[in-house]
Structures are given as C-alpha cells and as structure tokens.
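Residue-level structural notes
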Amino acid sequence: MTTIPSAQLNDGTAFPVVGFGTYQITGEGAVAAIVSAIECGYRLLDTAVNYGNESLVGEAVRVSGVDRDEIVVTTKVPGRDHGYEQTLASARGSLKRLGLDRIDVYMIHWPNPRVDKYVDTFRAMVDLREQGLVRTVAVSNFTERMITRLIDEVGVTPAVNQVELHPYVPQPELRAFHAAHGIRTESWSPLARRFELLAEPVIIDIAAAHGVTPGQAVLRWHVQLDATPIPKSEQPERQRENADLFGFELTGDEVAAISGLQRERRPDYHPDQREEM
Ligand code: NAP
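So, here is what we can say about the structure in this document. (Residues numbered from 1 in each chain as written. Predicted model: local features only at pLDDT ≥ 70, side-chain atom pairs only at ≥ 80, totals over all residues. Heavy atoms only, no water.)

Thoughts on the overall build of the protein chain
- A count of helical and extended segments in the protein chain gives 11 helices and 10 strands.
- In terms of C-alpha radius of gyration, the protein chain reaches 18 Å, essentially the compact-globule figure of 19 Å for 277 residues.
- The dimensions of the protein chain, computed from C-alpha atoms along their principal axes, are 55 × 40 × 30 Å.
- For the protein chain, with 277 residues in total, the buried portion stands at 58%.
- In the protein chain, 73% of the contacts between residues at least 6 apart in sequence involve partners at least 24 apart.
- As displayed, the protein chain offers around 11400 Å² of accessible surface, 48% of which is attributable to carbon and sulfur atoms.
- In the protein chain, 28 side chains carry a positive charge and 39 a negative one; their mean positions are 4 Å apart. (Helix = DSSP H or I, 4+ residues; strand = E, 2+ residues; numbered from the N terminus. Rg over C-alpha atoms; globule rule 2.2 N^0.38 Å. Buried < 20%, exposed > 50% of the residue type's maximum accessible area, 1.4 Å probe, protein only. Contact = heavy atoms within 4.5 Å. Areas by Shrake-Rupley, 256 points an atom, 1.4 Å probe, with all protein chains shown as cover. Lys, Arg positive; Asp, Glu negative; His and termini not counted. Charge placed at Lys NZ, Arg CZ, Asp CG, Glu CD.)

Quick notes on the site of the ligand
- In the neighbourhood of the ligand, 28 residues make up the surrounding shell, with Asp 46, Ser 189, Arg 193, Ser 233 and Arg 238 lying closest.
- Between the ligand and the protein, one listed contact pairs an oxygen atom with a side-chain N or O atom of Asn 141 at 3.0 Å.
- Here an oxygen atom of the ligand and a side-chain polar atom of Ser 189 are 2.7 Å apart.
- Burial of the ligand by the protein chains amounts to 90% of its free accessible area of 910 Å².
- When residues of the shell around the ligand are traced back to their parent elements, those giving at least two are helix H7 (195–198) and helix H10 (236–243).
- Ranked by the residues each element gives to the shell around the ligand, the list is headed by H10, at 3 residues. (Near = heavy atom within 4 Å. Polar contact = N/O pair within 3.5 Å; in protein donor to acceptor, adjacent residues only side chain to side chain.)

Some words on helix H3 (residues 84–98)
- The terminal C-alpha atoms of H3 lie 21 Å apart, and with 15 residues this matches the ideal 21 Å at 1.5 Å per residue to within 8%.
- Among the residues making up H3, those that are buried are Thr 87, Leu 88, Ser 90, Ala 91, Gly 93, Ser 94, Leu 95 and Leu 98.
- Buried residues along H3 sit against helix H2 (54–64), strand E5 (72–77), strand E6 (103–108) and helix H4 (118–130).
- Gly 99 sits one or two residues past H3 and shows a positive phi near 70°. (Expected span 1.5 Å × (residues − 1).)

Let's talk about the sheet that holds E5
- Reading across from one edge, E3-E4-E5-E6-E7-E8-E9-E10 is the order of the 8 strands in this open sheet, with parallel pairing throughout. Edge strands, defined here as strands with exactly one partner in the open sheet, are strand E3 (20–21) and strand E10 (227–229).
- Taken together, the 5 bridges between E6 and strand E7 (residues 134–140) define a ladder with parallel strand orientation. Paired with Tyr 106 across the bridge in E7 is Val 137. (Pairing = 2+ DSSP bridges.)

Some thoughts on the pairing of strand E9 (residues 184–188)
- Judged by how many residues are buried, E9 sits mostly within the fold: 5 of 5 residues are covered.
- The alternating pattern of E9 places Arg 184, Glu 186 and Trp 188 on one face and Thr 185 and Ser 187 on the opposite face, and all of these are buried.
- With 5 bridges joining them, strand E8 (residues 160–164) and E9 adopt parallel strand pairing. Across the sheet, Val 160 pairs through a bridge with Arg 184, a residue of E9.
- On the question of chirality, the crossover connecting E8 to the parallel E9 by way of helix H6 (residues 172–181) is right-handed.
- Where E9 lies against E10, 3 bridges are found, and the strand directions are parallel. The residue of E10 that forms the bridge with Thr 185 is Ala 227. (Right-handed = clockwise from strand over helix to strand, strands pointing away.)

Description of helix H11 (residues 252–259)
- Among all positions of H11, only Glu 254, Val 255 and Ile 258 are buried. All buried residues of H11 project into a common sector of 100° when viewed along the axis, lining one side. Facing away from the buried side of H11 by more than 90 degrees, the exposed set consists of Gly 252 and Asp 253.
- Elements in contact with the buried residues of H11: helix H8 (201–210) and helix H9 (214–224). (Arc of directions from axis to C-beta.)

Points about unusual backbone geometry
- At Gln 24, a position not held by glycine, the phi torsion is positive, near 75°.
- With phi around 60°, Ala 192 is a residue other than glycine that occupies positive phi space.
- Mapped onto the elements, Ala 192 comes out in the loop between E9 and H7.
- Of the residues examined, Ala 192 reaches a relative accessible area of 5% and is grouped as buried.

Brief notes about the nonpolar core
- Ile 34, Tyr 42, Leu 45, Tyr 106, Phe 122 and Phe 142 are the most contacted members of the largest nonpolar core, which has 76 residues in total.
- Looking at this core, the element that brings in the most residues is helix H1 (residues 30–40), giving 8 residues.
- Those residues in contact with Ile 34 that sit more than four places away from it in its chain are Phe 20, Thr 22, Ile 25, Leu 45, Leu 56, Val 57 and Ala 60.
- In terms of nonpolar packing, the next biggest core, distinct from the first, is built from 13 residues, Phe 15, Leu 44, Ala 159 and Tyr 269 among them. (Core = buried A, V, L, I, M, F, W, Y, C linked by side-chain atoms within 4.5 Å.)

So far we have only geometry, and geometry alone does not tell us how the molecule works.
Here it is as structure tokens:
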C-alpha cells in the first residue's frame, strides 16, 4: 500500500495530493473497485450526485474497514440544484445516499453562469459548514472571475477548485491565481481520459528515463505542479500504479516538456460556455 501525503487546505484540513475518481464506476463490481482503491492507499474519493454512485462510495467507505475520519469524501451540487434552499435539500440527499453524517469536501459541480445562481449556492454551502454537515467548501470548473465574485460577495475563499487539467490543458494562469489565493488545484481527467496522451513520445521517453509507466510520469507531473490528480481506474493493478508516485522526481525540464503538450482547449468544456444540470 502506498502512503499518499497530504497538503493543507486554506481551512486547515488535510487534502491528499493524489485522489481517486469514480465517474462511471457504477453497477456490479463498483463497491469492490472502490474498496480496492482504498486498500491501495487512496484516501480522497471523488463522487457527485450526477455520477449516480454516492451510495456505492459510502458503502465502500464502510466496508473498507478504514477509519471514516481518515477518508476524505468529495461530492458535488448538480446544476439543477443551484439556489440557496435547493442546495440545502441537495446536501441532505447526498448525505442520505452516502450514508455519512458529513460531506468532507462539498463542491459546486459546474458554475452554469447563464443560470447565475452559484453565489447563492455557495452561501448555502458555507451555512452547511457552520452546521457541521460539510467540512470544506469548494468549487469545480470555476474561472478566476467567478471565484473573485464568490470572495467579494460571500467573503469566503473556496478551498479547492477542481478543473480540467492534464498536459493538453495545463492551465498555467488559473494555477497561478489559485496559488495567489491559497486555493488547492485539483485535476479532473488527469490522464486526459484518452490513451492518446500516454502514447505521446515525450511522455514515453520521460517515463523510460525514470523506469516508470507513462501514466505515472503524467501523474507525477500533476504532483509537481502542486495539483491533486484524481485518476479513475477500475483495475487494481492500475490503481496501485497511479498511486505509486513518490519514489521518483521529474526534472524541471521534464515538467516543462510535458507542459509543452498544451493544445487549444475544447470550447464545449469551457466553464463560460458549458451548462450541466
Ligand atoms: P482519467 O482519470 O483521466 O482517465 C480514466 C481512464 O483512463 C479510464 O478509461 C481508465 O481505464 C484509464 N486509466 C486509468 N489509469 C490508467 C493507466 N495507468 N494507464 C492506462 N489507462 C489508465 O479520466 P476521468 O475519469 O474523466 O477523470 C478522473 C475523475 O475526475 C473522474 O472519475 C471524476 O471523479 C472527475 N471528473 C470531474 C469532472 C468535473 O466536472 N468536476 C469532470 C470529469 C471528471 P480503467 O478504469 O479501465 O483502468
């Protein structure tokens, strides 16, 4: 089992530097796959109302035998639940499905700027924190401008922003903004979901130089950018591989070479454009 270190969030809580994504882990075998990830050493589990697997994540936490307080469970408010009262109700639903008495990290899944209710949604999350039902308030897919609005209008800085981040979308400006405001960057689709990334010659060469796999080279790049990647895998061997990132270090040139894979971003995933309910 790998011991994954933690970073400290701006609210003083610990947040692992590598977590486990659960999107599309549903149905038969899902609980076993998540328990296997916990056994590999993952202590940060990422779910959402829209993944339809909160109950499976909660069950995995219980059957894993690991102390509940050692595991950080993230879930997310979906677009259709934006608004103050709706968010309070959405949290109650998530708590019930998870079967837990606290959501460790609660995120706004997408800002949905045309709906324009993310400020009230965040206010409700801060009140849920006051009530002890949420430990950390966070966001996902927020731009610098949207986060600035939360800070100005609610007076609370989200502790984490979970965003699309991988070598094709390295997000240097957003990461610099996070660093300046004490916000932890969390990387979704850290392997770009596609095997194409892991077949890039630059990744293959760097991995070979360290005697690691292409996936490990990419995930180590995230760790050295001070971002928490949350790779998803249902295969125990890959789960182990994706957590085993602490026995080697990339050089500054290697980090820069991987960042050099940047491509133009798909507009349909830009938070200014995308609406997810
Ligand atoms: P990902 O983690 O980048 O990639 C997952 C894919 O890569 C799966 O097909 C997996 O297959 C494969 N894989 C995993 N490890 C591998 C390895 N070492 N070598 C080769 N292939 C490997 O993509 P993702 O699931 O989209 O993103 C991760 C998590 O981010 C999600 O599960 C979810 O929790 C979160 N997310 C959040 C948002 C958001 O809007 N906030 C959006 C997207 C994702 P196997 O399972 O067969 O191993």
